[in-house]
Amino acid sequence: VARAAAYGAEKIEKAVPGAEYLIDKSRLGALSAAPPKSFAELHGGGWSQVLSGPAGQYRLLWGQGIAVDPAAMTDEAVAAKIAAAFWRSHEDLLPTGVDPRDLRLETNVLRGGVRYVAHSQTAKGMRVLGAANFIAIAHGRIVVVGARNFPMNRAPAALLVRLSPARLKRVEDVAGAPLLARGIEPVAEAGQTVLFPLVFPDRIETRVAREVALEATGQGRWTAYVDVGGEELLALRDHRVFVEGTVTLRHHERHPESEIIDSPAKDMFVQTHPRKVVSTDEVGFFAFDEYEEQVTVMLAGSYVRVLGRSGDVMKKTLPEESFAQGVSVMWEAADGDEEIQAQIDAFQSATRVRGHVVRLVDDLPWFKEQLTVKVNQDFDLDGNGTNDICNAFFDGRTINFLPSGSVGGGYACNNTAMISDIIYHEYGHAVHLNSVVPYVGEFDEAVSEGFADSLATSITGDSVIGRYFLTNGSGIRDLEPDKRWPEDQGYDPHQTGLILGGALWDLRTIMREKMGVEQGDDLVDHLFFNMMRHTSDIPSSFTGILLADDDNGDLADGTPHFCDIYDAFSAHGLVLDTSGQLNIEHEALTTIEPAQAPLKISARVQVGDSECFERGEARVIYSVDGGGSWKEVVMSAADEESYTAELEEMAPGTSLLYRLEVDENRSERLITVPANPAEPFYRAYVGQLEEIYFTDFEGEDDEGWSHELVEGDDREGADDWMRGSPKAKGGDPEGAFSGERAWGNDLTPEDRWDAKYQPNITSALVSPKFDLTEHETVRLRFRRWLTVEDGYFDKARVVVNGATVWHNAATEGKDADPHTLHHVDQEWVLFDLDITAQAAGKEEVTVRFELESDGGMQMGGWNVDDFGLYTAAAPPVEEPSDPDTDEGIELDTDEGADENEMGGQEAEFKAATAGCGCSAPASTSRPTGLLELVTTLAGF
């Protein structure tokens, strides 16, 4: 099984060290961001934007729509002019060096009531691989805009290379070399010259490359990309889409334990002489005006052709007298004849799934073509005469199925052609590939796995794919568990595809309960078949299904089934824009003046769509003893949106920790601010503070602040600390907290930077030295916007005079356990901490902001603004610091740090995370305590 999985997972052979590939989208992130200001000023605020791609340069905008000439829906010429004018007037949506004149019209089609007009990106006359722009017009309005481009400020000069026959042969040899090394002899055919993007951690390079198609009889198809100048293999793409698992089907309805059935042979060719061929109808009936001595039926028809091990179509000949007497023909295999049974089963299942899809999507020319189904395709790797792979695959043209396999010395898997689920799944890949609107959608492997699994479940009604793929009866995947984006994405597209497949399964479950099984299934099938056309990756799937559900050309006002779609997709982390949900607006407290009157806290609680969200009780959860205990106060409504609460009188020196939470009754979600499960509280100080030092980083120089690379390869961008303006990329805010400048990691000084810290480095921002000998108390305060992976992997620290006074939360467990408690600030939060033990009375005090990363996922890192040191007019209230009383996440401290020097901060954080109840906004969990939430996220 391990050998089979390794064989099937090899999709991209990478030849350039250190580079990622456009065609391999593993681990690419995506984030919600405000639309460009110029776009919003021109078209209003009812628009949302998601940024994605290898350097965050892909844009997907959708919203309230831009009215255009209604003739665009029916007139291609009008639509083309509208699209060209749009990109000329919105050049700011394109990266550096991309001129609207470089866009080449590729697609102008009407599909499912939506007009798609798409352009490819060119440079010096060559197409940039994977780059495209599109607009989608529905009901006379532009409702979705996509821009997937690469900056051309470093575009290579056009190579005027004359590809002589001899040189072209060398390019083909370079392309086929990896396959020849495996004993596969491909036939090579050189195609067009393109610009191939290579994505490095610190830059994007484009190489002039030749596409070379490689095909090996019976073993699938590949495409190689060869650098024309250096004759270097850039990448080898395997077009075969594999599926893992085992199940048997001997003319059963679905698998060996299901009922044996007789089904009509629909759309099957019947031949009486070479020039006389007819097809059977829905009930398997056929008739000839005339016939000769014999009649031949074959496992082929207008739409499905099954080829056996020999590469031929299996036929059955009937003598004249049998046909003349009208005898019904039962085509069956002898008991135990796997090879024949697999071919019969494959024809029946492929014909059934085609009929299912055509019923819902009938505007694809591909449905009129004949699909080749190859059965009993052996992969005898060790030469012992038995199949060594348990799999099935789609290679871009044919769907292929392997016989029962001998893996590990025994028959572990059944013939995949005898399993209806697997036939449906592979057919789903073919439907997806042929449904994609060129330069609008994209055949993303993870997306295709999700769609293919969903097609199988749409017929079986079962969340488990491929029961009895293995001889023990187990299936290969289950769509029921709530896999989430981005934490459950991985290098295996089958597993990443479970995120989208799970969302569609949840939507199917919801609609079945509301509309009944038949109508609910029809609706969900209609939606996901249509979203195949324009979905390019997992993050774009929510926008894709909204466009499929739209009925008026205005996505900002919702869609007919918006609430149900929102519920299903938000449970899987696919609703990146949260503007339409129940929302809490609150200006966080900072310094509180001591007073006899109770402290008032106010907020506005807005409901974006009253049909989707029902506002419940609002509360303030707070602690006045550093998190040792927590209190709750219900907020009262002053009007429809305004809420207030009164907290107890607080003594000077108190550190207040608090958050606001609101019940969303319809979905039983808990909406909170701050919306950061790793640190779910605001900080405020009660009492007078006197400023010792303050900077907003707006000066002409760095005022003694410095930065350094502590550990890691000293490559460009490794020490990425810089003072400037964040640009809403990689999880960063859109601008500084005050003024125009803040310190942060990778503030994208150039388009080739991606706003994320680099892997396997430790870097630090270091303050100047402060003389605090005259101060008995010291508080550290600054504004923070930090996004960093779970502290099990990546570590963000605040260090004062060598002692770690704060670090991000880390879940426990082993490497194989889920560690998804990422620290993700979604606003500029005030950090306030008593550092008297580390700094008061000392002559040279430094503050360091450190970031230590591993080789996995990277995020936006630190953003720091309005840094200050203060002394309290009154001594602070003593805060508990005994970690033995805490039940929350145990936080590691740096080796050598004095436990007593941690003051009350460790207790503040640990007690807070142990005792309060919160969840991320729009989560699908019921109201729960944070400990329960954290342990659930961590997989305890």
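Our subject is the structure listed above.
Reference entry: report on the structure contained in this document. (Residues numbered from 1 in each chain as written. Predicted model: local features only at pLDDT ≥ 70, side-chain atom pairs only at ≥ 80, totals over all residues. Heavy atoms only, no water.)

### Some details on the nonpolar core
Logical step 1: Membership of the largest hydrophobic core comes to 123 residues, with the highest contact counts inside it found for F569 and L656.
Logical step 2: By residue number, the principal contributor to this core is helix 6 (residues 338–358), which donates 7 residues.
Logical step 3: Excluding anything up to four places from it in sequence, L656 contacts L589, I592, L599, Y622, S623, V624, L647, M650, Y682, R683 and A684. (Core = buried A, V, L, I, M, F, W, Y, C linked by side-chain atoms within 4.5 Å. Buried < 20%, exposed > 50% of the residue type's maximum accessible area, 1.4 Å probe, protein only. Helix = DSSP H or I, 4+ residues; strand = E, 2+ residues; numbered from the N terminus. Contact = heavy atoms within 4.5 Å.)

### Quick notes on empty space enclosed by the protein
Logical step 1: Here the structure, examined in full by the defined rule, presents 7 cavities of 30 Å³ or more.
Logical step 2: Volume-wise, the largest cavity comes out at about 170 Å³.
Logical step 3: What lines the largest cavity is a set of 18 residues, among which L60, F134, S536, D537 and S540 lie closest to the centre.
Logical step 4: Elements with a contribution of two residues or more to the lining of the largest cavity: strand 4 (47–52), strand 5 (58–67), strand 9 (141–148) and helix 11 (541–549).
Logical step 5: Across the lining of the largest cavity, the residue classes break down as 8 nonpolar, 7 polar and 3 charged. (1 Å grid on protein atoms, 1.4 Å probe; cavity = no way out; pocket = protein on both sides within 12 Å on 5 of 7 lines; lining within 4 Å. Points joined across faces, edges and corners; volume = space filled by probe spheres on them. Nonpolar A, V, L, I, M, F, W, Y, C, P; charged D, E, K, R; others polar.)

### Things to note about the environment of T820
Logical step 1: Locating T820 in the fold gives a position in the loop between strand 45 (803–807) and strand 46 (823–824).
Logical step 2: Residue T820 is classed as buried on the basis of its relative accessible area of 17%.
Logical step 3: Along the chain, T820 and A678 lie 142 residues apart, while their C-alpha atoms are 9.7 Å from each other.

### Focus on the sheet that holds strand 41 (residues 762–766)
Logical step 1: Taking strand neighbours across the sheet as the criterion, the 5 strands line up as 38-41-48-44-45 in an open arrangement whose pairing is antiparallel. Pairing within the sheet leaves two strands with one partner each, and these edge strands are strand 38 (706–711) and strand 45. Shown here is a sheet whose adjacent strand axes are inclined to one another by a mean of 25°, direction ignored.
Logical step 2: Where strand 41 and strand 48 (residues 847–852) come together, 5 bridges link them in antiparallel fashion. Residue pairing in the sheet places L765 in a bridge with F849 of strand 48. (Pairing = 2+ DSSP bridges. Axes fitted to C-alpha atoms, helices over the stretch in contact; angles between N-to-C directions.)

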